[in-house]
Amino acid sequence: MHRAWFVVAVTFVTIIGAAAFRSVPGLLIDPLHDEFDWSRGTIGAAVSVNLALYGLTAPFAAALMDRFGIRRVVAVALTVIALGSGLTVWMTAAWQLMLCWGLLVGLGSGSMALAFAATVTNRWFTERRGLVSGILTAASASGQLIFLPLLSWIIERHDWRPAAVTVALAALAVVPFVWLLLHDHPADVGQKPYGAVEFVPKPAPVPGAARRALTVLFSAARTGPFWLLAGTFAICGASTNGLIQTHFIPAAHDHHMPVTAAASLLAVIGVFDVVGTIASGWFTDRFEPRRLLAVYYALRGVSLMFLPILLAPSVHPPMIFFIVFYGLDWVATVPPTLALCREQYGEDSAIVFGWVLASHQIGAALVAFLGGVARDTFGSYDVVWYASGGLCAAAALMALVIRRRAGSVAAAA
């Protein structure tokens with residue numbers, strides 16, 4: 001077996017360990033509201049800072065990996081996540097939530113974002129890139145599957161503080177695997193990238209990580225496909241991380257569904273997300289990415305329109321159907337978006353994807369905040385579900401108008 005698949009396995013485990021923090025925000029809203037009497041808008045603002053930094057850090061992290069290597073950047077990021085999560089157990093004011101969960105965990109998680117997966121895929125593979133990007137994207141969903149039921153049980157039986165400590169320990173537990181087993185480049189072990197015909201020497205470290213990230217941004221921003229990809233991915237973030245991951249549990253609780261039941265439904269989304277994302281990677285290797293994106297966004301928008309009438313005190317078959325359907329589509333958008341970035345921007349695609357991911361997280365941050373404000377204002381989340389469904393329809397149309405490069409069209413033919 002090619003060494004690249006072992007690197008994928010280590011990266012998969014690393015992302016799973018770091019995914020613990022992604023399971024917590026929706027679980028914390030009600031406990032923090034009850035203990036500190038903070039409004040849901042205030043808590044949502046801290047979550048939005050976390051989500052925004054998760055995205056804005058990604059392109060700089062991709063450039064730092066080119067400068068210092070994947071292993072060092074990821075090990076430091078996991079340590080920062082553990083520090084931020086662990087410090088929350090002593091907080092007494094909302095600004096401390098902003099600092100620990102918003103700033104520290106946001107910066108650390110941004111360095112563990114999908115730009116990390118894109119860098120590993122680009123360095124270690126010339127074939128099967130769609131499949132590999134699907135597998136690594138699914139790792140985040142697998143982490144959600146593992147940690148959501150556990151963390152919800154801990155919060156219900158004990159308190160939210162032991163859950164925060166669990167997140168910190170999970171991040172720290174992965175650091176030794178990263179430091180010992182994650183190699184930066186195939187040349188480090190004397191191998192070619194998977195599928196490559198010739199040996200590829202390891203490139204020299206690229207100085208000026210921040211300058212390079214900004215230079216790539218200014219160059220990409222002069223092209224139309226960048227803005228279409230950024231716009232569609234912003235809507236992707238708004239309708240997943242910002243909406244369902246942050247507000248589904250409190251919305252279900254508003255309809256008197258037990259928190260553990262709602263958390264279990266989110267975990268089931270994680271199960272089917274693994275299937276959907278890996279399948280999407282396989283499809284991306286074989287079909288036109290633009291059309292895949294259009295189908296994914298259209299189906300997601302339709303499903304969100306039905307959610308307000310499905311929420312109830314108990315779990316019933318139509319809700320299970322929604323969970324399965326939505327889970328298959330959760331981040332199925334990532335492999336075709338990555339493929340379009342590679343098609344349009346070549347060697348700079350990992351950094352460009354980092355900026356596209358930043359738009360994803362800005363969209364998520366806005367809805368995480370505005371969803372809490374809407375709940376405080378209207379007393380329900382219904383308007384948020386309908387608005388997100390409409391945005392997904394717009395994203396489907398945007399995906400179809402992305403122009404393909406002439407060389408890629410000829411290759412596909």
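Here the residue numbers are simple positions, counted from 1 along each chain's written sequence. Local features are withheld for residues below a pLDDT of 70 in this predicted model, meaning they are given only at 70 or higher, and side-chain atom pairs are given and counted only at 80 or more; totals for whole chains, interfaces and linings count all residues. To obtain the side-chain values, all non-hydrogen atoms of the structure were included, while hydrogens and water were left out.

The chain is annotated in an unreviewed UniProt entry as MFS transporter from Streptomyces lomondensis. UniProt positions are given in the numbering used here, feature names are shortened, and annotations may be inferred rather than shown by experiment. Under the Subcellular location (unreviewed entry) heading, UniProt states for the chain: "Cell membrane".

Peer 1: I'm lost on the pattern of salt bridges in this one. Help?
Peer 2: Where side chains of opposite charge bring their charged atoms close, a pairing between them can arise. For salt bridges, the criterion is a side-chain nitrogen of Lys or Arg within 4 Å of an Asp or Glu carboxyl oxygen. Going through the model one piece at a time under the given rule, you end up with eight salt bridges. A salt bridge links R161 to E35, with the nearest nitrogen and oxygen atoms 2.7 Å apart. Of the two residues, R161 sits in helix α8 (residues 160-181) while E35 sits in helix α2 (residues 25-36), which places them 126 residues apart along the sequence. Think of it in three bands: with a 1.4 Å probe and only protein chains considered, a residue is buried below 20% of the maximum accessible area for its type, exposed above 50%, and partly exposed in between. For R161, a relative accessible area of 23% corresponds to the partly exposed category. You can call E35 partly exposed: its relative accessible area is 38%. Between R161 and D159 there is a salt bridge whose closest N-O contact spans 3.0 Å. Each helix corresponds to a stretch of at least 4 residues labelled H or I by DSSP, and each strand to a stretch of at least 2 residues labelled E; elements are numbered beginning at the N terminus.

Peer 1: What's the story with the packing of aromatic side chains in this structure? I'm lost.
Peer 2: For any two aromatic rings, the description comes down to two numbers: the centre-to-centre distance and the angle of the planes. In summary, the pairing rule links any two rings of Phe, Tyr or Trp, Trp by its six-membered ring, whose centres are within 6.5 Å, and it sorts them by plane angle into stacked for under 30 degrees, edge-to-face for over 60 and tilted for everything else. Inspection of every chain in the model, using the stated rule, returns 14 aromatic pairs. Each ring, one from F321 and one from F325, has its centre 6.0 Å from the other, and the planes form 25°; the classification is stacked. Here the residue F321 and the residue F325 both occupy positions in helix α14 (residues 317-329), the gap between them amounting to four residues, near one helical turn. F325 sits in the partly exposed class, given a relative accessible area of 30%. Aromatic ring contacts, followed pair by pair, group W5, F125 and Y194 into a single cluster. Directly above the aromatic system of F68 lies the positively charged group of R67, at a separation of 4.9 Å from the ring centroid. Charge-over-ring contacts are defined here by two conditions on Lys NZ or Arg CZ: a distance within 6 Å of the ring centre and an angle within 35 degrees of the ring normal. The side chain of R71 reaches across the aromatic face of W179, ending 4.9 Å from its centre.

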